[in-house]
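Residue-level listing of the chains:
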Amino acid sequence: YPMRLERQRALAFWIWDRGFDSFVTVNTNDSRFDYNRGRSALKKFDALLDHFFLGKRWCKFASADRTLFFAVPEHSGERLHYHIFIRVPVRRRRDLRQLKRVKRSLTHVLQRKRIFPSGDADVKVLTDANECITSWNQFKTACYAVKNLWDSREWDNCVIGAEFHR
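A brief report on the enclosed structure follows.

Parameters at a glance
- Residues numbered from 1 in each chain as written.
- Predicted model: local features only at pLDDT ≥ 70, side-chain atom pairs only at ≥ 80, totals over all residues.
- Heavy atoms only, no water.
- Axes fitted to C-alpha atoms, helices over the stretch in contact; angles between N-to-C directions.
- Helix = DSSP H or I, 4+ residues; strand = E, 2+ residues; numbered from the N terminus.
- Left-handed = near helix turned anticlockwise from the far one by under 90°.
- Contact = heavy atoms within 4.5 Å.
- Nonpolar A, V, L, I, M, F, W, Y, C, P; charged D, E, K, R; others polar.
- Patch = residues over 30% accessible without salt bridge, like charges linked within 9 Å, V, L, I, M, F, W, Y side chains within 5 Å.
- Areas by Shrake-Rupley, 256 points an atom, 1.4 Å probe, with all protein chains shown as cover.
- Salt bridge = Lys/Arg side-chain N within 4 Å of Asp/Glu carboxyl O.
- Lys, Arg positive; Asp, Glu negative; His and termini not counted.
- Charge placed at Lys NZ, Arg CZ, Asp CG, Glu CD.
- Polar contact = N/O pair within 3.5 Å; in protein donor to acceptor, adjacent residues only side chain to side chain.

Here we look at the packing of helix α1 (residues 2–17) against helix α4 (residues 131–145)
A pair of packed helices is characterised by two quantities: the angle between their axes and the separation of those axes.
Here comes step 1: Running from N to C, α1 and α4 point in directions that differ by 145°, and their axes come no closer than 8 Å. Along this stretch, α1 crosses α4, giving a crossing that reads as right-handed. Contacts between α1 and α4 pair Ala12, Phe13, Ile15 and Trp16 from the former with Ser135, Gln138, Phe139, Ala142 and Cys143 from the latter.
Here comes step 2: Here the contact of α1 with α4 is built from residues that sort into seven nonpolar, two polar and no charged.

Quick look at the structure:
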C-alpha cells in the first residue's frame, strides 16, 4: 500500500510538472473496449489533435513541436474510460479559442470519426490568466486522475502520445 501511494504521488507530480493545458475524460461506453482497442483509439486521437492544432501537414513537425498527451486508464464497472492530459503545441499554446472549439465539439468528432464510436468526452481547460489558478487546476486534476492507479494493469496501460510520433 505505501509503495502504491508513492507511485501515485510521483506520477501526479510528474503530470503536474508537464504543464498540461487541458484535461479530457473520454468514456468509451462500451464494455468490449479493452486496453488494446483503447491504445489504437488513442493513436487516432493523437493524430486528430495534431491535425486540429497544426493543420494537414502535422506529421511533418518534430515530436517536440506536436501535441503531447498522457492518458490514464480507469475502469468504472466493466467500462473503460481515460483521463487524458493534453499540452497544446507551443505555437498554439495560448490560443484559448482553439481549446474552446475542442471543448464544444470533441464528443461529436470522436463518434463521427469512429475513434470512440459510442464514447463521450468532457473537456476541462486547465489554464487561466492567473498562474496560481493554473497551477492549482493542474495539480488537483493530476491527483484526481491517478486516484485509482492501484491495479497494475491500469498502471501498465497508461499511454503517452509521443510514443505514436515518428
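Still more ground to cover, so stick around.
With respect to a positive patch on the surface
Here comes step 1: Taken together, Lys100, Arg101, Lys103 and Arg104 make up a surface patch of like positive charges.
Here comes step 2: Positionally, Lys100 belongs in helix α3 (residues 96–112).

A look at the side chain of Thr25
Here comes step 1: Within the secondary structure, Thr25 sits in strand β1 (residues 22–27).
Here comes step 2: A polar contact is formed between the side chain of Thr25 and the side chain of His83, at a distance of 3.2 Å.
Here comes step 3: Once residues lying within four places of it in the same chain are set aside, the contact partners of Thr25 are His81, Tyr82, His83, Asp120, Ala121 and Asp122.

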